[in-house]
Amino acid sequence: EDKVVQSPLSLVVHEGDTVTLNCSYEVTNFRSLLWYKQEKKAPTFLFMLTSSGIEKKSGRLSSILDKKELFSILNITATQTGDSAVYLCAVGGSQGNLIFGKGTKLSVKP
Amino acid sequence: NAGVTQTPKFQVLKTGQSMTLQCAQDMNHNSMYWYRQDPGMGLRLIYYSASEGTTDKGEVPNGYNVSRLNKREFSLRLESAAPSQTSVYFCASSEAGGRLYEQYFGPGTRLTVT
């Protein structure tokens, strides 16, 4: 059975801290891993990773995939209160859908 | 571009009532999806449509039906609502099915069944 496990489930940091969110997966015929940010509404797309070892970056956010060890990390440097959200990891499933982890709730305190 | 739109935003139903959730996308995407999101459960696929004219069951299809009305629209119907269907429902679309395309989500419908 395909599954995606995220850790930690929740995290509280202070502005300026650096955080690392983890995502491990087991899926048949892996092709892509995606990160989404969800603030009280729809998930918004952050990154899609398909190849091992290639870092994707967008401002203070970056992500990398390890296909051998079946995990990905999402790093956020110099966190801001606006980074407070639930971060979702998803992997493409055999039905063409996305299989989501339960998410990591990040709270950034001023 | 509006992206993915959903109506209604909120709905309260009594047990046994029926309703249809509407979803439309203006990105000319081929594939559309319905997910439900429950606390502690993440997002789970209800039904999807890989292309116009096709629909398939996802992980949690019981109690739901769908219609892919045309390329733009994909509706989700609850024939006889149950309290277990209280959830937030998200519609999503992607350029194609398969696992190389990101999915774009609508704003969600918060449904409460009493």
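Conventions used here
Residues numbered from 1 in each chain as written. Chains lettered and ligands numbered in written order. Predicted model: local features only at pLDDT ≥ 70, side-chain atom pairs only at ≥ 80, totals over all residues. Heavy atoms only, no water. Pairing = 2+ DSSP bridges. Helix = DSSP H or I, 4+ residues; strand = E, 2+ residues; numbered from the N terminus. Axes fitted to C-alpha atoms, helices over the stretch in contact; angles between N-to-C directions. Buried < 20%, exposed > 50% of the residue type's maximum accessible area, 1.4 Å probe, protein only. Phe/Tyr/Trp six-rings, centres within 6.5 Å; stacked < 30°, edge-to-face > 60°.

Caption draft 1: Seen up close, the sheet that holds strand S8 (residues 71–76) of chain A. Residue and element names in this part refer to chain A. Here we have five strands laid out as an open sheet, ordered S1-S3-S8-S7-S6, and antiparallel in their pairing. Either end of the sheet is taken by a strand with one partner, and the two such strands are strand S1 (3–7) and strand S6 (56–58). Between one strand axis and the next, the sheet turns by 15° as a mean value, whatever way the strands run. Examined bridge by bridge, S6 and strand S7 (residues 61–66) share three bridges and lie antiparallel to one another. Its bridge partner lying in S7, Ser58 is registered against Leu61.

Caption draft 2: Fine view of unusual backbone geometry. With an omega of -10°, the peptide bond between Ser7 of chain A and Pro8 of chain A qualifies as cis. As for its position among the elements, Pro8 of chain A is in the loop between S1 and strand S2 (10–14). Residue Thr7 of chain B is joined to Pro8 of chain B through a cis peptide bond whose omega torsion reads -5°. Here Pro8 of chain B lies in the loop between strand S1 (4–7) and strand S2 (10–13). Its identity as a non-glycine residue notwithstanding, Leu70 of chain A has a phi of 60°, on the positive side. As for its position among the elements, Leu70 of chain A is in the loop between S7 and S8. What makes Leu70 of chain A partly exposed here is its relative accessible area of 34%. Unlike most non-glycine residues, Asn28 of chain B shows phi in positive territory, near 60°. Following the sequence through the fold, Asn28 of chain B ends up in the loop between strand S3 (19–25) and strand S4 (31–38).

Caption draft 3: Structural context of the packing of aromatic side chains. Following the criterion strictly, the structure yields eleven aromatic pairs over all chains and no others. Ring centres of Phe100 of chain A and Phe105 of chain B lie 6.0 Å apart, and the angle between their planes is 70°; this geometry places the pair in the edge-to-face category. With one member in each of two chains, Phe100 of chain A in strand S10 (residues 98–100) and Phe105 of chain B in strand S10 (residues 104–105) form a pair that bridges those chains. Relative accessible area serves as the criterion here: at 8%, Phe100 of chain A is assigned to the buried category. Residue Phe105 of chain B is classed as buried on the basis of its relative accessible area, which comes to 10%.

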